[in-house]
Amino acid sequence: MRRAIPLTILAVVGTVLIVSVFLPPLENLGEDFTLFFDIIAVFAFFLGGGNLVRIHFNKLWRKRKDWGFSIVTLFGFFFMLVIGLLKIGNPGGIGADPTAEGSWFQETFNYVINPLQSTMYALLAFFVASASYRAFRAKNREATLLLLAAFIILLGRTPFGVMLTAWVPESWSIAQIPNLAVWIMNSPNLAGQRAIIIGIGLGVVSMSLRLILGIERSYLGEDRG
Amino acid sequence: MEVLFEHFRLWLAAFLTLGIFSFLYKDNPWYKLSEAIFVGISAGYWFVVLFWDNFYGKFWVGAGDYTFGWIGAKLSGGEVPSSSGIDLMLWVGAILGFLMLLRLIPKIGWLSRWPLAFIVGATAGLWLINYVASNVMVQVQATMVPLFSSTFGSGFDSSLGAIIGTIVIFVGTFSGLVYFFFSKAHTGAFGTTAKIGILFLMITFGASFGYTVMSRMSLLIGRIDYLLGDWLGMIK
């Protein structure tokens, strides 16, 4: 019962959506179901937000290591909830869009979330450089190709790359690093990308069929009830 | 006052940017503080955006407000609200969403599998068709194009570069797919084709890596530009 009903729901919903593509009266069903997803996502976020609060309150209550930072996290979370849901500091008042320009909510996004997010990603530049130093050694043919392709793409996008092969005559323009980078992107890289994309497509089809036919059940969890 | 706020915002963004960069030295309280702020504020931000966009904008405006208005009118004998533009089917989404919350009550937590099954089933149904159309059919069609002309039956209008490019793409895609076929041992002609596929895949990974490094570098330059330009005013 606990597993039969979800399996039936999955099989019926999946089959109906596949059939709907071939039946004009049902062709908008996909869009309707996407709307349901959006609504379910809000409730999932209730769960996620609740979990965040529970974990940090727990850490605070038990005075675990670095509990002081949990106060900051909780304060940030509730601060955004209050100014976003009650639209405090919004020039348009309660009826306005919460992300209206000049609102506290949007200003916090612009001056707190945005710099933090970009810096987090920018930080990866250092780690990628350090990782590539260790991993990219031309140990064999495949590794050499990978290294060369990355190197040409990187050089091809910089003024140094343009300068390096500027002496190559126009009749051999393909040998100029920027042109070579474009060729790599448009030919061998595209071929590899296509093989991966087609592979993913076939993988998705096979996994979808496994789910709809009830062969794949891992999403139900461990409970055998 | 506005100037003071502008300075406060600039200093706050710079303080947080440097806080994250301080991790390059080692894990430290400044980094942990910036991280804690990031987690709390981001979670709150997306919670509010989802609430207003999806819950209010889609469910409440589309069905919730009308339903409660209708019940209220029936109970009090007042005027029933107009049902134009109302989609009561949205209640299905709301009920499934509510079932998801039942995960918090262990005794009936198993009911939360129903919305999960709905999401997984709908995703499987939608993706099965979409992926066949966009990831398989379109890509196969784009790979097998005429060698000597840009379109079928239009005569010879291609260049040597384009012909070589078409051959490279076809050979690369085919051999790459052969490499991903694991149901047959990679030996003989099949193995040789798979090896060619690996070479193409290596070039793809190298190119993707190069692009990733470029995008991260561009973000890094953006942050340094902010610190030296907007904050310190050293770059005009």
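A. Main features of helix α1 (residues 4-20) of chain A. A rise of 1.5 Å per residue sets the reference length of α1(A), with its 17 residues, at 24 Å; its end C-alpha atoms lie 24 Å apart and thus fit the reference within 8%. Buried within α1(A) we find A:P6, A:L7, A:L10, A:V13, A:G14, A:L17, A:I18 and A:S20. As for α1(A), its buried residues are in contact with α2 (29-61) and α8 (188-212) of chain A together with α4 (113-143) of chain B.

B. Representation of the pattern of salt bridges. On inspection of all chains with the given rule, the structure shows six salt bridges over all chains. A salt bridge links A:D66 to B:K32; its shortest N-O distance comes to 3.0 Å. Of this pair, A:D66 sits in the loop between α2 and α3 (67-85) while B:K32 sits in helix α2 (residues 29-76), on two different chains.

C. Looking closely at the interface of chain A and chain B. Every contact between the two is made by 106 residues of chain A and, on the other side, 104 residues of chain B. Across the chain A-chain B interface, the total number found is three salt bridges. B:K58 serves as the salt-bridge partner of A:D38, at 2.7 Å between the closest nitrogen and oxygen. Linking chain A with chain B are 15 residue pairs in polar contact (both at pLDDT 80 or more), by the criterion used here. Listing elements by their share of the side of chain A that touches chain B, those giving two or more residues are α1, α2, α3, α4 (104-135), α5 (141-156), α7 (177-186) and α8 of chain A.

D. Quick peek at the packing of α2(A) against α2(B). With their axes 9 Å apart at the nearest point, α2(A) and α2(B) run at an angle of 150 degrees to one another. Looking at the two axes, α2(A) sits roughly antiparallel to α2(B). Crossing handedness for the pair α2(A) and α2(B): left-handed. Residues A:L35, A:D38, A:I39, A:A41, A:V42, A:F43, A:F45, A:F46 and A:L52 of α2(A) pack against B:V39, B:A43, B:W46, B:F47, B:L50, B:F51, B:N54, B:F55, B:K58 and B:F59 of α2(B). Class assignment for the residues of the contact of α2(A) with α2(B) results in 16 nonpolar, one polar and two charged.

Conventions and cut-offs
Residues numbered from 1 in each chain as written. Chains lettered and ligands numbered in written order. Predicted model: local features only at pLDDT ≥ 70, side-chain atom pairs only at ≥ 80, totals over all residues. Heavy atoms only, no water. Helix = DSSP H or I, 4+ residues; strand = E, 2+ residues; numbered from the N terminus. Expected span 1.5 Å × (residues − 1). Buried < 20%, exposed > 50% of the residue type's maximum accessible area, 1.4 Å probe, protein only. Contact = heavy atoms within 4.5 Å. Salt bridge = Lys/Arg side-chain N within 4 Å of Asp/Glu carboxyl O. Polar contact = N/O pair within 3.5 Å; in protein donor to acceptor, adjacent residues only side chain to side chain. Axes fitted to C-alpha atoms, helices over the stretch in contact; angles between N-to-C directions. Parallel < 35°, antiparallel > 145°, perpendicular 65-115°, else oblique. Left-handed = near helix turned anticlockwise from the far one by under 90°. Nonpolar A, V, L, I, M, F, W, Y, C, P; charged D, E, K, R; others polar.

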